[in-house]
Amino acid sequence: ANTWSYNSSITACESASHWQVALFQLHQMRAAEVEPDVITFNSTLSAFQDGTSWSVALQVLEQMEQCQLEPDTVTFNSTITACRHWPTALA
């Protein structure tokens, strides 16, 4: 498997809002020593669009930084969408 095939799989998870499966694919990718790219992380973050698992989405963003990848507009928009319910969690 290569980055493209993992990205395709994660994008399918994004479309269905299956963030757990997208996150699993990201971990599998890294375990297989396949380098994720910005698209990998953006697709993973987009899978969190329901906004209920914002803390995990922030961990994904942190992993992206650890991989020394530069976030882009899609990264930030996806992260904002994933975190839209965090004030509720603080109440």
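Please refer to the structure higher up on the page.
Bear in mind the structure is a predicted one, so any value in this text is a computation, not a measurement.

Undergrad: When you look at helix H1 (residues 3-16) in this model, what are you seeing that I'm missing?
TA: Residues separated by three or four positions in an α-helix point in the same direction, a consequence of the helix having 3.6 residues per turn. Compared with an ideal rise of 1.5 Å per residue, which puts 14 residues at 20 Å, H1 spans 20 Å between its outermost C-alpha atoms and is within 8% of the ideal. Those residues of H1 that fall on the buried side of the exposure criterion are Tyr6, Asn7, Ile10 and Cys13. Taken down its axis, H1 places every buried residue within 120 degrees of arc, on the same side. Counted as exposed and oriented over 90 degrees from the buried face of H1: Trp4 and Ser15.

Undergrad: Could you clarify how one ought to interpret the packing of H1 against helix H3 (residues 38-46) in this entry?
TA: The packing of two helices is summarised by the inter-axis angle and the distance between the axes. For the pair H1 and H3, the least separation of the axes is 8 Å and the interaxial angle reads 15 degrees. When the axis of H1 is compared with that of H3, the two are roughly parallel. As H1 packs across H3, the resulting crossing turns out to be left-handed. Counting all contacts with H1, which are made through Thr3, Asn7, Ile10, Thr11 and Glu14, the residues of H3 involved are Ile39, Thr40, Ser43, Thr44 and Ser46. Class assignment for the residues of the contact of H1 with H3 results in two nonpolar, seven polar and one charged.

The rules behind each value
- Residues numbered from 1 in each chain as written.
- Predicted model: local features only at pLDDT ≥ 70, side-chain atom pairs only at ≥ 80, totals over all residues.
- Heavy atoms only, no water.
- Helix = DSSP H or I, 4+ residues; strand = E, 2+ residues; numbered from the N terminus.
- Expected span 1.5 Å × (residues − 1).
- Buried < 20%, exposed > 50% of the residue type's maximum accessible area, 1.4 Å probe, protein only.
- Arc of directions from axis to C-beta.
- Axes fitted to C-alpha atoms, helices over the stretch in contact; angles between N-to-C directions.
- Parallel < 35°, antiparallel > 145°, perpendicular 65-115°, else oblique.
- Left-handed = near helix turned anticlockwise from the far one by under 90°.
- Contact = heavy atoms within 4.5 Å.
- Nonpolar A, V, L, I, M, F, W, Y, C, P; charged D, E, K, R; others polar.

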